[in-house]
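Working through the structure, step by step
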Amino acid sequence: MNPYILATLLFGLGLGTTITFTSSHWLLAWMGLEMNTLAIIPLMAQHHHPRAVEATTKYFLTQAAAAATLLFASVTNAWLTGQWEIQQITHPLPNTMITLALALKIGLAPLHAWLPEVLQGLSLTTGLILSTWQKLAPFALILQLQPSNSTLLIILGLTSTFVGGWGGLNQTQLRKILAYSSIAHLGWMIIVLQFSPSLTLLTLLIYLIMTFSMFLMFKLNKSTNINTLATSWTKAPALTALTPLILLSLGGLPPLTGFMPKWLIIQELTKQGLAPTATLAALSALLSLYFYLRLSYAMTLTISPNNLTSFTPWRLPSTQLTYPLTITTAMTICLLPLTPAISTLLTS
């Protein structure tokens, strides 16, 4: 892609998200979301491949449906209450509609079906943008919304954690596994949103760091399915040794960074008298942990060539910048000791 066009599209992505962040009016927020969608579509379709075009079409249709629902709900709210302010959504009908529209935007279950299919058709770089940056603008709106229907959020959150765990169990494609991982993590964030927005933001930040690290690792190894992971130990043995730690951090095992948000969320839910919800969320994390362990096993304990049909890639020197991978991997593995300081900041 022409570097000038790429720079323009990335600028459009940043501008769309910034407009949504800074807006207090529903029309401006909607405009920012639309800019975001239109800027990423050429990036998704840049590889002229039927899968990429199919993924782009699915993404466009779902985002357009979510944006139309959002606009309709905000107009309905203005008609019922005379308010265009984001924080003045008082009527339960537009409130619920906007919550569901934003859930479709970020891929919360049961409105998640587009996300694994779209991510599977993209390159790892575009998939990284879709899994991280594209979640920020809708999340800013959800945080400002403070939905009146608390039961809806808990149902969406719990459904997402279970669907994210169950859906990834039978997958062999890494991008689909990361999509289901994304759905499960979003579920954890949504469950605790109404009780502690700052804890949701912390969980989102740690999710972004861990996902960034995972995508960069797969990109460095040029891996898109489980079979090709087995060849990674010959190309980057040190990285292959660290990758199971990144995966287990995504699964939420101590003493890794990913344990921190799950620990704090379960603690907060228990404080709010929602012990059954906390127990179900913790059990759903075991489903996700299974497929992270499966990836760790394929990467470190199987030797290529194996009996499955896979090609051995050329071992050319990588031109990828490794500093971002180094920094995010260190943060993914080592931040748990900062939990007391972070929990103090959250409560202050």
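Residues numbered from 1 in each chain as written. Predicted model: local features only at pLDDT ≥ 70, side-chain atom pairs only at ≥ 80, totals over all residues. Heavy atoms only, no water.

For clarity, the cut-off: UniProt positions are given in the numbering used here, feature names are shortened, and annotations may be inferred rather than shown by experiment.
Per an unreviewed UniProt entry, the chain carries the name NADH-ubiquinone oxidoreductase chain 2 and comes from Haplochromis squamipinnis. Per UniProt, the comment on the chain under Sequence similarities (unreviewed entry) is "Belongs to the complex I subunit 2 family." The UniProt entry for the chain carries the following text under Catalytic activity (unreviewed entry): "a ubiquinone + NADH + 5 H(+)(in) = a ubiquinol + NAD(+) + 4 H(+)(out)".

1. Considerations on the overall build of the chain
For the record, the criterion: Per the convention used, a helix needs a DSSP run of H or I reaching at least four residues, while a strand needs a run of E reaching at least two, with both numbered from the N terminus. The globule rule used for comparison is 2.2 Å times the number of residues to the exponent 0.38, while the radius of gyration itself is calculated over C-alpha atoms. Relative accessible area decides the class of each residue, using a 1.4 Å probe on protein chains only: under 20% of the type maximum gives buried, over 50% gives exposed, and in between gives partly exposed. The contact criterion used throughout is that any non-hydrogen atoms of two residues lie within 4.5 Å.
Along the backbone of the chain there are 17 helices and zero strands. Computed over its C-alpha atoms, the radius of gyration of the chain comes to 20 Å, within 12% of the 20 Å expected for a compact globule of 348 residues. C-alpha atoms of the chain, sized along the principal axes, occupy 65 × 50 × 35 Å. By the burial criterion, 53% of the 348 residues in the chain qualify as buried. Taking contacts inside the chain between residues at least 6 apart in sequence as the whole, the part at least 24 apart equals 78%.

2. Quick look at the packing of helix α2 (residues 26–44) against helix α3 (residues 50–81)
Applied cut-off: Note on definitions: angles span 0 to 180 degrees between N-to-C directions of axes, and those axes are lines fitted to C-alpha atoms, for helices only across the stretch in contact. Each angle is binned into one of four classes, with values under 35 degrees roughly parallel, values over 145 roughly antiparallel, values of 65 to 115 roughly perpendicular, and all other values oblique. Amino acids outside the nonpolar list (Ala, Val, Leu, Ile, Met, Phe, Trp, Tyr, Cys, Pro) and the charged list (Asp, Glu, Lys, Arg) are all regarded as polar, and Gly is one of them.
Close contact between α2 and α3 brings their axes to 10 Å; oriented N to C, the two are set at 175 degrees. By the angle between their axes, α2 is roughly antiparallel relative to α3. Listed contacts from α3 to W26, L27, W30, L33, E34, T37, L38, I40, I41 and M44 of α2 are A52, A55, T56, Y59, F60, Q63, A67, L70, L71 and S74. Grouping the amino acids of the contact of α2 with α3 by side-chain chemistry returns 15 nonpolar, four polar and one charged.

3. Here's the deal with the pattern of salt bridges
How we decide: Any carboxyl oxygen of Asp or Glu within 4 Å of a side-chain nitrogen of Lys or Arg constitutes a salt bridge here.
Inspection of the entire model under this criterion finds three salt bridges. K58 is the partner of E117 in a salt bridge, and the nearest nitrogen-oxygen pair spans 3.8 Å. Taken together, the residues span a long stretch of sequence, with E117 in helix α5 (residues 114–120) and K58 in helix α3 at a distance of 59 residues. Because the salt bridges share partners, they merge into one network encompassing E54, K58, E117 and K176.

4. Some points on helix α6 (residues 124–131)
Of all eight residues in α6, seven are buried; the element is thus mostly enclosed. Buried within α6 are the following residues: L124, T126, G127, L128, I129, L130 and S131.

5. Side note on a nonpolar patch on the surface
For the record, the criterion: Patch construction takes residues with relative accessible area above 30% that form no salt bridge. Like charges are linked within 9 Å, and nonpolar side chains (Val, Leu, Ile, Met, Phe, Trp, Tyr) are linked within 5 Å. Here the accessible surface of atoms and residues is derived via Shrake-Rupley with a 1.4 Å probe, and residues count as covered only by protein chains that are part of the display.
Side chains of M1, I5, L6 and L10 sit close together on the surface and give an oily, nonpolar patch of about 340 Å² of accessible area. Along the chain, M1 turns up in the segment before α1 (3–22).

6. Topic: the side chain of T62
With respect to the helices and strands, the residue T62 is situated in helix α3. The buried category is assigned to T62, whose relative accessible area is 17%. Those residues in contact with T62, other than ones at most four positions away along the chain, are L104 and W114.

7. So, the packing of helix α13 (residues 237–251) against helix α16 (residues 323–334)
Test applied: Two helices that cross are described as forming a left-handed crossing if the nearer one is turned anticlockwise from the farther one by less than a right angle, and a right-handed crossing if clockwise.
Close contact between α13 and α16 brings their axes to 9 Å; oriented N to C, the two are set at 50 degrees. As far as their axial angle goes, α16 and α13 are oblique. The handedness of the crossing between α13 and α16 is left-handed. Taking contact as the criterion, the partners of L239, L242, L245, I246 and S249 in α13 are, on α16, L325, T329, T332 and I333.

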